Amino acid sequence: MTLGVPSGSTLRPDWAKQKYPDPLPLTRELAPPSPFPAQALGSIGSSVVNKMHQVIQAPVALIGQSILGAMNQVAQPYGNVCIDGRVSPLSDYFLTLGESGERKSAADSWALAGVRARQRHLTGKYETDREAFEKTLQVYEIAIKRVLNDKKLSADTKEAQLAALEKPTAPVMPLMIVSEPSSEAIQRQLIIGLPSIGLVNDEGGQFLGGYAMSAEKRLGTLTTLSRLWDRGEFDRVRVGDGSGSYFGKRLSLHLMVQPAVATSLLADPLAREQGFLARCLISYPETTAGQRSYVETDLSHTDEYQAYSQRIDALLANEWPLANEHELNPPNLFLTSSAKRAWVAIYNDLEADLGPGGTYVSVRSLASKASEHIARLAGTLAVFDGDREIHEEQVDRAFHLMLHYLDEAMRLWGSGQVKAELRLAQELLEWLRDKLGPGRAISLAEVYRNGPSPLRSASAARQVMRVLIEHGWVMPAAHPKATEAYELVGVA
């Protein structure tokens, strides 16, 4: 029973108002996002984004991220962007934040339907080719044994006949999309499988909270992802599993994650200092939940989606420029003279904004890579548009996309710097709100026994409860069986 409060009262007593002023926020309110520039995706891309928004009614930015991520994945094998001898892959990394119910899966499914259909088709062919390979391999191995066991043949003759035998080549596993692999699995797939893949997950928390991002694997995963973004290559040293340097690999990435999961990544000093976050283009749109009515339209039959699908399918059907079956050799994409002038001007303007008092000082690591992101995005748009060089209009469209990502970084990165103690306090406060009603006190023991999992000791629970007291959300209370107990301030 609350001290000084009549039974059944929902009012906060005057003495409590004096001792405990209005609670202080544990996290700051986010400013609204800047609009996603869907028109920058070009006539096909922007049209399908707008049509998908009308039909499935997910946020425009969420759909735009899915479409741009798919465009990047299908474009990345076909070119490198080259500016003054500086060569970069087209591959880029995208992070999209959204709560459950934002229709992330729907956006991802429609955006990548063509890629998944292509993978299914190639997998069926792979199974047939694999069966034929295994039979041919058996014949090859029998032929080797026959030559080696023929005592009538001289050593020179055996050597000549063995050299004449052609060892069959195993077909390549056509895995184009992976969802939650370890860094070792990513490397292995790029070594033995296709040299261009997408790491895509509409529940990105499975990846960020999984084995690949565990404490012992986190640095290795982030390093592998960063190396692939930088140059499309990596080194691998394994006992009994092959070692070497591998080139001509491409990895695009699009993870859709819930904000709570993303906050831990944005606040991770390793992800910042190692440079992974600077390689990611992040968007967190406002929800459309509560504003959606069912639309009786089959999206696959619309002109906008069919035009998008046809372009995706055409790029998937083209032959990749290969050095060998496991290594890409993409041609260089050069900027036209006007496109280069525009890009250089953007480069210089962005650099000026990195100095003291500059616009992008708070997101300097991302802003310092912004011009390269712009070049990669412009190259992606050029390939998707069917061009063999990058035009000024594509640089301008990429620049408008990058302005959105810079705005989002300035809005979000600060929220990711909230102390872990405050995030735990917010989690505990939400748990207490579910458990406590008017006049109800809860013991410290009940908090650390049944509360949020990070608070499984008396000292941890006491420390976070102290934060809630200091911010005015709880106050000490009497409890019939415990010396340490608390109640919510002003609960109705």
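Residues numbered from 1 in each chain as written. Predicted model: local features only at pLDDT ≥ 70, side-chain atom pairs only at ≥ 80, totals over all residues. Heavy atoms only, no water.

Turning our attention to the nonpolar core. Ile 67 and Val 395 are the most contacted members of the largest nonpolar core, which totals 106 residues. Counting residues in each nonpolar core, the second largest holds 21 residues, with Leu 422, Leu 436, Leu 444 and Val 464 among its members. (Core = buried A, V, L, I, M, F, W, Y, C linked by side-chain atoms within 4.5 Å. Buried < 20%, exposed > 50% of the residue type's maximum accessible area, 1.4 Å probe, protein only.)

Even without being a glycine, Asp 84 presents a positive backbone phi close to 50°. Within the element layout of this structure, Asp 84 appears in the loop between β1 (80-83) and β2 (86-89). The class for Asp 84 is exposed, based on a relative accessible area of 52%. Phi angles above zero are rare outside glycine, and Arg 103 is one such case at about 65°. Mapping Arg 103 onto the fold places it in the loop between β3 (93-97) and α4 (104-111). (Helix = DSSP H or I, 4+ residues; strand = E, 2+ residues; numbered from the N terminus.)

In this section: the confidence of the model for the protein chain. In regions of low pLDDT, the predicted coordinates are not meant to be interpreted in detail. Model confidence for the protein chain is summarised by a mean pLDDT of 89, while 92% of its residues fall at 70 or above. Note on residues 1-18: pLDDT is under 50 here. Beyond four places in sequence and across chains, it has 25 contacts. (pLDDT = per-residue confidence, 0-100. Contact = heavy atoms within 4.5 Å.)

Consider a sheet: its strands pair through backbone hydrogen bonds, and that pairing is either parallel or antiparallel. Within the open sheet, the three strands sit side by side as β2-β1-β12. Their pairing is mixed. Bordering the open sheet on either side are β2 and β12 (332-334), each of which pairs with just one other strand. When strand polarity is set aside, the average angle formed by the axes of neighbouring strands in this sheet is 35°. (Pairing = 2+ DSSP bridges. Axes fitted to C-alpha atoms, helices over the stretch in contact; angles between N-to-C directions.)

Time to look at the pattern of salt bridges. Summed over the entire model, instances satisfying the criterion amount to 17 salt bridges. The closest approach of N and O atoms between Lys 340 and Asp 84, which form a salt bridge, is 2.5 Å. On the criterion of sequence distance, the pair formed by Lys 340 in helix α13 (residues 337-352) and Asp 84 in the loop between β1 and β2 is long-range, its members being 256 residues apart. Its relative accessible area of 29% is what places Lys 340 among the partly exposed residues. As a salt-bridge pair, Glu 393 and Arg 397 come within 3.0 Å of each other at their nearest N and O atoms. Placement of both Glu 393 and Arg 397 in helix α16 (residues 392-412) is noted, with a separation of four residues, approximately one turn of the helix. One network of salt bridges, in which partners are shared, links Arg 227, Arg 231, Glu 233 and Asp 235. (Salt bridge = Lys/Arg side-chain N within 4 Å of Asp/Glu carboxyl O.)

Let us look at the pairing of strand β15 (residues 485-488). In β15, alternate side chains face the same way, and those of Ala 485 and Glu 487 on one face and Tyr 486 and Leu 488 on the other are all buried. Of the strand pairs in this sheet, strand β13 (residues 442-443) and β15 are connected by two bridges, and their pairing is antiparallel. When the bridges of β15 are listed, Ser 443 appears paired with Ala 485. Pairing geometry for strand β14 (residues 474-476) and β15, over three bridges, is antiparallel. Residue pairing for β15: Val 474 is matched across the bridge by Leu 488.

A word on the packing of aromatic side chains. In total, this model carries six aromatic pairs according to the counting rule given. Here Tyr 93 and Phe 276 contribute two aromatic rings whose centre-to-centre distance is 6.2 Å and whose plane-to-plane angle is 45°, an arrangement assigned as tilted. Placement of the pair is Tyr 93 in strand β3 and Phe 276 in the loop between α11 (269-273) and β9 (280-283), with a sequence separation of 183 residues. The class for Tyr 93 is buried, based on a relative accessible area of 0%. The class for Phe 276 is buried, based on a relative accessible area of 2%. Centre to centre, the rings of Tyr 305 and Tyr 308 are 6.0 Å apart; their planes meet at 45°, and the pair counts as tilted. You can see Tyr 305 and its partner Tyr 308 sitting in helix α12 (residues 303-317), three residues apart, about one turn around the helix. The two residues Tyr 305 and Tyr 308 agree in class, both being buried. By way of ring pairs, the aromatic residues Trp 110, Tyr 305, Tyr 308 and Phe 384 are connected into one cluster. (Phe/Tyr/Trp six-rings, centres within 6.5 Å; stacked < 30°, edge-to-face > 60°.)

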